[in-house]
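Residue strings, one per chain:
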Amino acid sequence: MGVLIAGATALRPVLKGGTSGGGSSGSTGATAVKSVPGQLSLRYKSGTAAAATAAQPWLQLVNTSAQPIQLSQVTMRYYFSADGGSYSFNCVQAAIGCSNITESVVALDKPTATADHYLQVGFTAAAGTLAVAKNTGDIEVQLYRPGGTKLNQANDYSFSAPSGAKSPFKPWKQMTAYLAGALTWGTAPGADDSAATAAAGTVAAAAPTGVLFDDFHYSGAADPALYQHGWLVRTGAGRPGILDTWSSKGVSFPSDQEAQGGEVLDLSAATDGTKAGTTQAEVQSSSSDFFTGTYAARIYFNDKPTTGANGDHINESFYMISPDNSKYSELDNEYQPNGGWGAPGPRLDTTSWYSADNRDRITQKNMFSIAGWHTMVITAADGVATYSIDGKKLFSTSGKYYPREGMSVNFNTWFVDLPFTGQRSWDMKVNWFYYNSKDALSLDQVQQQVDGFYKGGTNYVDTLAKP
């Protein structure tokens, strides 16, 4: 990636919840790292050519010692030269599970011509041990700039171009690995790792079982990690809104300074007032196995268009819905800043459904603006579904208006109708999504777990029971 301009201010570390992950530090004047070679070997291959929208260092860690190694005591570093701007990262897939992988980006105190930052990859406590002479299996991680800006990896210290479509993993000493804070593999750029103290520090705690968390760190709508983590970008036909106008064009993952973790899922609906000139945006879970428990999302709602004139009957939604009508279930938050269907706004409709065919549902119309950031929570437990915003209860339903079968999770931005011509666009942003399949949690309990994931450098967790 391109060298930073001479004299420019050094980029700050990309932090997760106020830490750099794995307890490492970039403090100037740190004591040189001790070395205990022979404990681990690190294999590497690149998943991309030098010019790409995301760097893909794919790794295998091998235990070359005479005893099992606790993975939570291991960190690995991939060194690169930043192209400017902020960087994000995610785990595409891992044999030991992306939920057990932690990541952070840290600035080197003593940059070289080929490295001024490194991506640090570590493990949570739940990753367990690595047996003697065994490897972790593939660990496929990504490093990218939010918004999809292309990277040039040709001058990155740790990058090696793939030799073909089926390039093998190979031992690679231009990455480093540490065990309990001691260097055990590789050589840091400039052969000086004093600026990157490798103390293991606090180990990221294992996530509780029955939980899914995602903070939407993805390089774009086509990011393979998005699909691997159970999300689909809708491009098919159908409703709601303007029929057959769903498009991936409105799905992006830009930086956002107001977002926890610094990146968001942005869902943009745009129109010129005609069906042909309209696109709507939706991201939904590929699984319909979400049922009872706690659903939570931090969302930015808009009362005004991002571009163009105001006045659209726009719908900014977060809801759960079953895939068929046999035991239909739907838990629905729909925000209409300008109203719709002949009703005024601003209005947040909280709705529990029993039958889509018969339009059998119960709704509370909350007649106030929710422009800005809010945390929406829906709990379904003990026969009662409860909707809340920022910890304030809005609405409860029970009896037949309680979920009867598994549902998918959906976020979308769409037009009720097209009341006038002229180009305009609307954006809804999602910071993170959290689901707990076992417990009905308060907002404070949800936020405590979410903060813990950020602090540990974990941007994706899935410990749900598999069907």
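From a predicted model like this one, the values you see are computed outputs, not experimental measurements.

Caption draft 1: The confidence of the model for the protein chain, seen in detail. Here the protein chain shows a mean pLDDT of 90. Residues at 70 or above account for 90%. Segment residues 194-201 is flagged for pLDDT under 50; beyond a separation of four residues in sequence, or across chains, it makes 35 contacts in the model.

Caption draft 2: A look at the sheet that holds strand S15 (residues 182-185). Strands sit in the order S8-S9-S6-S14-S15 across an open sheet of five strands; the sheet is antiparallel. Both outer strands of the open sheet, strand S8 (101-112) and S15, are each paired with one neighbouring strand and no more. Adjacent strand axes in the sheet meet at a mean angle of 30° when their direction is disregarded.

Caption draft 3: Molecular detail of the pairing of strand S28 (residues 392-398). Examined bridge by bridge, strand S27 (residues 384-389) and S28 share six bridges and lie antiparallel to one another. Paired with Ile389 across the two strands is Lys392, which belongs to S28. Hairpin remark: S27 followed by S28, antiparallel, with two residues in the connecting loop; positive phi at Asp390, about 55°.

Caption draft 4: View of the packing of aromatic side chains. Taken as a whole and assessed by the stated rule, the structure comprises 23 aromatic pairs. Between Phe318 and Phe433 the ring centres are 6.3 Å apart and the planes differ by 75°, which places this aromatic pair in the edge-to-face class. Note that Phe318 is positioned in strand S22 (residues 314-321) and Phe433 in strand S30 (residues 424-436), a separation of 115 residues in sequence. One cation-aromatic arrangement involves Lys429 over Tyr300; the distance from NZ or CZ to the ring centre is 4.4 Å.

Caption draft 5: Examining the side chain of Ser46 more closely. Secondary-structure assignment places Ser46 in strand S1 (residues 40-46). Residue class for Ser46 comes out buried when judged on its relative accessible area of 7%. In this structure the side chain of Ser46 is engaged in a polar contact, spanning 2.7 Å, whose partner is the backbone oxygen of Thr48.

Caption draft 6: Focus on helix H2 (residues 443-455). Over its 13 residues, H2 runs 18 Å from end to end, which matches the ideal 18 Å to within 8%, given 1.5 Å per residue. Looking only at H2, the buried set comprises Leu443, Val446, Val450, Phe453 and Tyr454. When H2 is viewed along its axis, its buried side chains cluster within an angular range of 100° and face the same direction. Opposite the buried face of H2, by more than 90 degrees, sit the exposed residues Asp444, Gln448 and Lys455. Structurally, H2 contributes buried residues whose contacts are with strand S16 (211-214), strand S21 (293-301), strand S26 (372-381), S30 and strand S31 (460-462). Immediately downstream of H2, the backbone of Gly457 shows phi near 75°, a positive value.

Caption draft 7: The side chain of Ser88, seen in detail. For Ser88, the location among the structural elements is in strand S7 (residues 88-94). In this view, Ser88 contacts Gln142, Leu143, Tyr144, Pro146, His217 and Glu263; residues no more than four positions away in its chain are not counted.

Caption draft 8: Spatial organisation of the state of the cysteines. In total, this model carries one disulfide according to the counting rule given. Covalent S-S linkage joins Cys91 and Cys98, the inter-sulfur distance amounting to 2.1 Å. Torsion about the S-S bond of the Cys91 and Cys98 cystine: about -70°, corresponding to left-handed handedness. Residue classification places Cys98 among the buried residues on the basis of a relative accessible area of 10%.

Caption draft 9: The arrangement of the environment of Trp353 in detail. One can find Trp353 in strand S24 (residues 347-355). A relative accessible area of 9% places Trp353 in the buried class. Distance from Trp353 to Lys392, taken between C-alpha atoms, is 22 Å for residues 39 residues apart in sequence. Among all residues touching Trp353, those that are not within four sequence positions of it are Tyr328, Ser329, Glu330, Asp332, Arg359, Asp360, Arg361 and Tyr401.

Parameters at a glance
Residues numbered from 1 in each chain as written. Predicted model: local features only at pLDDT ≥ 70, side-chain atom pairs only at ≥ 80, totals over all residues. Heavy atoms only, no water. pLDDT = per-residue confidence, 0-100. Contact = heavy atoms within 4.5 Å. Pairing = 2+ DSSP bridges. Helix = DSSP H or I, 4+ residues; strand = E, 2+ residues; numbered from the N terminus. Axes fitted to C-alpha atoms, helices over the stretch in contact; angles between N-to-C directions. Phe/Tyr/Trp six-rings, centres within 6.5 Å; stacked < 30°, edge-to-face > 60°. Lys NZ or Arg CZ within 6 Å of the ring centre and 35° of its normal. Buried < 20%, exposed > 50% of the residue type's maximum accessible area, 1.4 Å probe, protein only. Polar contact = N/O pair within 3.5 Å; in protein donor to acceptor, adjacent residues only side chain to side chain. Expected span 1.5 Å × (residues − 1). Arc of directions from axis to C-beta. Disulfide = S-S within 2.5 Å.

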